[in-house]
Amino acid sequence: MRLDSARWFLPLALAIAAIMLATMVLGYYSYEATKRLAARSEESIEKSNSLVGQKVIDRIEKVIIDSDRMLFRLVILDNPREFTELWKRIVAVSGVVEAVAVLDENRTLLHLVGNMPPSQMNAFRQTFITEMVPAMELGTLPLDAHRHLHRYFGSLLTLLSFIHLEHDGQRFYIVLSTNLQHIKDDIFREEFRGLEESRYLAVLDEDGPLVYGSPAPDRGSFVFEQRFPTTLYRWRLQIAPKDIGTIRREARARRTINTLLVGAAYGLIFIGMLTLLLAIRKERRANQLKSDFISNVTHELKTPLSLIRMFGELLTLGRPGTAQTAREYAEIITRESDRLSRLIDNVLDFARIERGMAAYEFKLGDLRTVVERSVDLVRHRAEQAGVQLDTRIEPELPEVPIDENAMTLLLHNLLENALKYGVTEKPRGSIHVSLAREDSRLVLRVSDDGPGIPRDELSRIFERFYRGRAARRTSIRGSGIGLSLVKHIAQAHGGEVQVDSELGRGTTFAVWIPLRSRTRGEDRRMT
Ligand code: ADP
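## Here's the deal with the packing of helix α8 (residues 404-422) against helix α11 (residues 482-492)
Contact geometry for α8 and α11: axes closest at 9 Å, N-to-C directions at 145 degrees. The two elements α8 and α11 cross, and the hand of that crossing is left-handed. Residues Ala406, Met407, Leu409, Leu410, Asn413, Leu414 and Asn417 of α8 form the contact with α11, whose participating residues are Gly482, Leu483, Leu485, Val486, Ile489 and Ala490. Grouping the amino acids of the contact of α8 with α11 by side-chain chemistry returns 10 nonpolar, 3 polar and no charged.

Shown next, in the form of structure tokens:
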């Protein structure tokens, strides 16, 4: 047996290990592939986001620089009066420039025109001369160079745009103070238009506060952030796709689904393997029971045969001295032949059922007659064993669709078991057989007051070839097919069988047979 187990266990264990390993490898690669795919799609989103960000920055810078250049071109230095008149109009209407200043080579202020009220203008002039001019470091500015200064002067954030020019052999510095409100209201709005639907766009000061727009609620790898490199360099642009959350959630969901799928595959394999192992165990148990059955049946056949043969020979040899002994020998031969033929009937019926060939012929019949006839058949043996056998049959029971031969076999098995097991320990025991109507069914009960059946065996006694522990221990003969036949026959009649047993008290088998056939017509064949 052990050798046998080793023969199937090793390949099975190897197969399980191989399948588990394959699933693990597959799971790992598919998990990695999803991760890579998610990373790649995140990467491409990140790339396109920074491309857009870079483009926006470049465009805004270009707009500011182009506008500065255009304004520088409007500076006419020939006539100071004309300059002042023209620039007064420009600063009043353009909205782009707040003030314009012209300084000579020695950084002496020649002109300053602004659109502020006079008191503010004076303050501005003061700050311009004392703070802004030194901060611009004009002395180091090469000719034609165009620079920007973006910083706070007091509480005033300023963007100064300045250039070093030569005119009529003289060098000048022209400084424009740009209106930052105009940049926010017009340039940013214009440049961000169309992007705000799909992206979070914001401009933040280097100290942190928000200058414009709405920043991304959750900062992560998708957020592109960069300073304006030459003009508004205190400020940085922040841009992020609005569906970051969805993209991340999807990637996370894909990874979770993948992990779950691998887990489920493991679960399925595990359940499959467990089922396989259980099936193998069941099969092995069935095989064991089958071989027990063969040896039981052989033994069952041999015992009556040897008795028949022995008493037959004694009769032939004329050994029994008296007619009385000869009759006793003949009775033994008849009894053992009966037992033999019943056993053969049982085995043949069982074999037909096993091959799926059991055919039932249902006819309306009187179950009372079947019960009475079957009880009569065992009455003699019961009397000899000193067992009291009583029958209680309710009067006027209706006829029911039954196969009489099958029902006889069913009763025979129940009565035989009651005699075999029920009275072994109590030679003066009793067997009760009853037949009654309960609602739409007839119920047949066979009870004994024998040793009973242990609780853990109750669920197994209807299995084919199963024999109880007590039956196997003692010399009570049997093949383990009687109750499986009883169950099959009861179910073929649309009924059922139940057992009720208490150790030391006895056992009752109850068989319910419906009054009406569950199929159309009275005759039915079961295969
Ligand atoms: P067999 O009698 O040939 O062993 P059965 O299928 O008829 O096979 O019965 C199965 C088992 O049920 C028996 O081996 C026995 O252990 C138990 N059994 C059946 N009837 C009784 C009974 N009346 N009292 C106690 N045990 C019983």
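Back to the text.
## Structural notes on the packing of aromatic side chains
One pass over the full model with this rule turns up 11 aromatic pairs. Taken together, the ring pairs connect Phe188, Phe192, Tyr212, Phe228 and Trp235 into an aromatic cluster. Geometry around Tyr200 places Lys242 over its ring, the cationic atom sitting 5.6 Å from the centre.

## Let's talk about the environment of Pro142
Here Pro142 shows up in the loop between α3 (118-136) and β3 (146-153). For Pro142 and Thr158, which are 16 residues apart along the polypeptide, the C-alpha to C-alpha distance reads 22 Å. Other than its neighbours up to four places away in sequence, Pro142 contacts Arg147 and His164.

## Digging into the side chain of Asn417
Mapped onto the fold, Asn417 is located in helix α8. The contacts of Asn417, once residues within four sequence positions are left out, are Gly422 and Leu483.

What counts as what
Residues numbered from 1 in each chain as written. Predicted model: local features only at pLDDT ≥ 70, side-chain atom pairs only at ≥ 80, totals over all residues. Heavy atoms only, no water. Axes fitted to C-alpha atoms, helices over the stretch in contact; angles between N-to-C directions. Helix = DSSP H or I, 4+ residues; strand = E, 2+ residues; numbered from the N terminus. Left-handed = near helix turned anticlockwise from the far one by under 90°. Contact = heavy atoms within 4.5 Å. Nonpolar A, V, L, I, M, F, W, Y, C, P; charged D, E, K, R; others polar. Phe/Tyr/Trp six-rings, centres within 6.5 Å; stacked < 30°, edge-to-face > 60°. Lys NZ or Arg CZ within 6 Å of the ring centre and 35° of its normal.

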